[in-house]
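Notes for the structure review
The primary structure of each chain is shown beneath.
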Amino acid sequence: MMTSQEIREKFLSYFESKGHTRVGSSSLVPQNDPTLLFTNAGMNQFKDVFLGLTSLPYSRAVTCQKCVRAGGKHNDLESVGKTARHHTFFEMLGNFSFGDYFKKEAIEYAWEFITEVLKLPKEQLWVSVFEEDDEAFELWQAHISTDRIVRLGEKDNFWSMGDTGPCGPCSEIYIDRGQEHSCNAKECALGKCDCDRWRELWNLVFMQYNRDKKGNITPLPRPSIDTGMGLERIATVIQDVYSNYDTDLLRPIISFVENMTDIQYKESEEGFPFRVIADHSRASTFLISDGVLPGNEGRNYVLRRIIRRAARYGKELNFNEPFLYKVVPQVVSLMKDTYPELEKNVVYIQKVIKSEEDRFLETLNDGLKILYEGIDKLSREGKKEIPGSMAFMLYDTYGFPIDLTRDVAEEKGMTVDTNSFKKHMALQREKAKSARKETYRIDELYEILAPLQPTVFVGYDEFKSNSKVQYILSNHKPVKSCYDKSAEVILVLDKTPFYAESGGQVGDTGIIKNESFLFSVSDTQKTPDGKIYHIGRIEHGFISMDDSVFAKVDIEKRQSIARNHSATHLLHKALKEVLGEHVNQAGSLVDEHRLRFDFSHFSALTIEEIRQVESKVNNAILKNLQTTINMTTFHEAEAQGAVALFEEKYQDLVRIVSFGDYSKELCGGTHVKSSSEIGLFKIVSETSIGAGLRRIEGVSGFNLIHYFNDTLESLDATARLLKATPNEVPQKVDELLDRYRIQEREIESLKQNAINFEIDEILKKKQCINGVNIISIKTEGKDIDDLRKMSDALRQKMKTGIIVLGNIKGDKIIFIAAVTEDLTRKGYHAGKIIKSVAKIADGSGGGKPGFAQAGGKNPAKLDEALASVSEVIMGV
């Protein structure tokens, strides 16, 4: 039997022999493509080549691309486990021609590989072509009889990159798996039936047209080829198994999970949880390895859904504790030869998954209980749909992804009102946005400034420039001139030294002036298409369109920002060296006062790790590393090892900022000329900002001097208060804390003695009603902990009985009820008792049979409430 590893290698080697360049898989996080959540096809990394936006040093390529389809337009998440062939993670084998060969060669290569290399039986192979593609139909006749070439319509056999852009007919190769896999429908034929008899193997896309906004199609000057063959699917055929889950890519994972539980896998519906876990373990392992972390937005939310969906189905296999993270080494063992980065990240991946499992399992049981109770109530009412409000509450309170609620609903024969759920989600987002005040919406400015040419930025080399006013907006409105000192004004110049906020670096401030006016710039921003705009106010005078002006940046502030920005590059490198290569920047803020750096890491840094990072950064600073700036292509920058950020969109030409041989990153920000200009660097805080995400705040240059001065002043002031030297402060504080702890224990002992005395007095007021000992009494000056201790002590001394205590705290009442174990077995319930008592004092509460607490809003009713205890108990 040919293994999946052998299939993968044979494919890559075959096309290398045909002059193709073997290109590694790109990241699952798409570079330069904000339209995609995940890389979902082999052609994604070549999209700009097909669009003619960039070029490569080769015209033929072959890849094995890791892909995820679990979000956005291409989403197979809910089909996973239910069918034999759907996955969130899969591998796509593909060969590509960029204006080189076309249909004839693509068909010949595909046929030769599939019949001569993989040796699939020719008589079982079928082909579909676009119904109008006579050329492909004729070319296929050289290899296969016409009765096994099927013409299909645009829906099945015409591919488009989007609503506009490159498109063309495609041709798909199928294998007939025989009558035993047929659905036995009267018209069980390729193109008329989607049953498992006809297994699609390979899609050949002939990219030969361009579609414009009106839908018109014109021939491309250099037609291209894009093909895709799912490794999992071809493996089922080569290994002669029915399901992708039976191949050597997934069956070992299922076997591993079998060994973790006492349940055996079955290919029937009962095996559904195994298939979900096998698939989701691969997707989560690869996504985390590529820098994605569980979260609440975008691809982070999709990863959270995947992990939590696996955890939820794990419960059906009796996994009541985190387990998915234990599957990661098995996934890595199967895939590490092709994707060696997995082995480097295995421990980190496990930590991230376990953390997410822990978070989810904390609330899963409570959430499932509420969902099941809700479904039972709806069923009794004859309803078959879960309201959107309930689904939203589960999401908002318990972190349930909507698909998890849908899965449970489907099992119970119900549906979910997803439209209502979406409305609740939208309302929540609007509430979150309401606190934010935006002076100008970026899409409005984008449209307003569209006719202008992109602003020329001269600020890398200059702090000032002679420029011309191209556009003026005052109070959101375009104007020809402006003199209103009270209005917030936007100026657009033809060229500017002002850096616009980007990449975490804040926008510059400064002045724009001529003999007629002075304009104070409070912020600088830019539109996505490169129009830099200056926000500020007129200090005096009159601004007009086409004015010649002098623009000058606040130099001191810019230099301070540059020191902090350069320090973030050195910090990023130092973190990778100390913590590991899994560290990736997840966000940053660089201003004149400090730097803030968010990064992927699982645990808090130890004091020793912080010291190591600081030492490495300061070592690089003191080495006086020269800053070099180079412009190159994105692919060349990657080849040089430059660090790129997943979320950034890069142009054809990218800017590499290097500090000696130590740090090399893609960056458009402003920097010092050499590392020594940073001065020194200090981490002032390190905190968590979410699962698997940490945040460091630091200072450099003059800000570090200010930080040291403030810290030393605080230390000196503390030393004076303690009548000690600064070096003696820790010892003096320890002594004070020791004294404090001793006094706290003494106070606690006195309080307990007082409570014990009070308990003895309370016991004297015990009543016996219907053979049950009852204490119902008001206390004074107690908090909830005191009342708990009193109730525990009373239960212990009474041996059998019911206690209800009430205490006024401010303008509220605190109630406590306790029932001894022997009486709970007879039906007495502290939660029910306290609920009835508290109701008299305009309160509410509840709890367990043995202990409960409540609150009351009307202190004047405390005596009446406590007096009702006897009646409540007699009614039990």
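Reference entry: report on the structure contained in this document. All figures in this text were calculated on a predicted structure; none of them were measured in a lab. (Residues numbered from 1 in each chain as written. Predicted model: local features only at pLDDT ≥ 70, side-chain atom pairs only at ≥ 80, totals over all residues. Heavy atoms only, no water.)

**Regarding the pairing of strand β33 (residues 772–779)**
Worth spelling out the cut-off: Burial classification: accessible surface area is computed with a 1.4 Å probe over protein chains only, and a residue below 20% of its type maximum counts as buried, one above 50% as exposed, and the rest as partly exposed. Going along the chain from the N terminus, every DSSP run of H or I of four or more residues is numbered as a helix, and every run of E of two or more is numbered as a strand. For two strands to count as paired, DSSP must find a minimum of two bridges between them. With the strands pointing away from the viewer, any crossover whose connection runs clockwise from the first strand over the helix to the second is right-handed.
The buried fraction of β33 is high, at six of eight residues. Bridge count between strand β32 (residues 767–769) and β33: three bridges; the pairing is antiparallel. Within β33, the residue paired with C768 across the bridge is N773. Connecting the antiparallel pair β32 and β33 is a turn made up of two residues, with N770 showing a positive phi of about 55 degrees. Both β33 and strand β34 (residues 802–809) contribute to a ladder of six bridges, which runs parallel. The residue bridging I777 from the neighbouring strand is L805, located in β34. Regarding the hand of the β-α-β motif, the stretch spanning β33, helix α21 (residues 784–798) and β34 is right-handed.

**Some thoughts on the packing of helix α11 (residues 341–380) against helix α13 (residues 402–411)**
We apply this condition: With axes taken as lines fitted to C-alpha atoms, and helix axes fitted only over the stretch in contact, angles between N-to-C directions fall between 0 and 180 degrees. Convention used here: angles under 35 degrees read as roughly parallel, angles over 145 as roughly antiparallel, angles from 65 to 115 as roughly perpendicular, and any remaining angle as oblique. Crossings are classed by handedness, with left-handed meaning an anticlockwise turn of the near helix from the far one by less than a right angle and right-handed meaning a clockwise turn. Note on contacts: a residue pair is in contact if any heavy atoms of the two residues lie within 4.5 Å. Gly counts as polar in this scheme, as do all residues outside two lists: the nonpolar Ala, Val, Leu, Ile, Met, Phe, Trp, Tyr, Cys and Pro, and the charged Asp, Glu, Lys and Arg.
At a closest axis distance of 11 Å, the pairing of α11 and α13 adopts a crossing angle of 45 degrees. With respect to α13, the axis of α11 lies oblique. Between α11 and α13 lies a crossing of right-handed hand. For the pair formed by α11 and α13, the contact residues are F360, L364, L368, L371, Y372 and I375 on the first element and L404, T405 and V408 on the second. Its residues placed into classes, the contact of α11 with α13 shows eight nonpolar, one polar and no charged.

**Comments concerning the pattern of salt bridges**
Basically, it comes down to this: For salt bridges, the criterion is a side-chain nitrogen of Lys or Arg within 4 Å of an Asp or Glu carboxyl oxygen.
Applying the stated criterion across every chain yields a total of 48 salt bridges. D133 is paired through a salt bridge with K103; the nearest N and O atoms lie 2.8 Å apart. Taken together, the residues D133 in the loop between β6 (125–130) and α4 (134–140) and K103 in helix α3 (residues 103–117) connect sequence positions 30 residues apart. Each member of the pair D133 and K103 is classed as buried. With a shortest N-O distance of 3.1 Å, K354 and D358 are connected by a salt bridge. A residue pair is termed a helical-turn pair when its members lie 3 or 4 positions apart in one helix, as K354 and D358 do in helix α11 at four residues.

**What about the sheet that holds strand β36 (residues 844–847)?**
Within the open sheet, the six strands sit side by side as β32-β33-β34-β35-β37-β36. Their pairing is mixed. The open sheet has two edge strands, β32 and β36, and neither has a second partner. Averaged over all neighbouring strand pairs, the angle between strand axes comes to 20 degrees, with direction disregarded. Summarising the sheet, strand β35 (residues 812–819) and strand β37 (residues 851–856) pair through six bridges and their orientation is antiparallel. Residue pairing in the sheet places A817 in a bridge with A852 of β37. The strands that α21 touches are β33, β34, β35 and β37; relative to β34, the one it contacts most, it runs at about 160 degrees.

As far as function goes, none of this settles anything; it's purely spatial.
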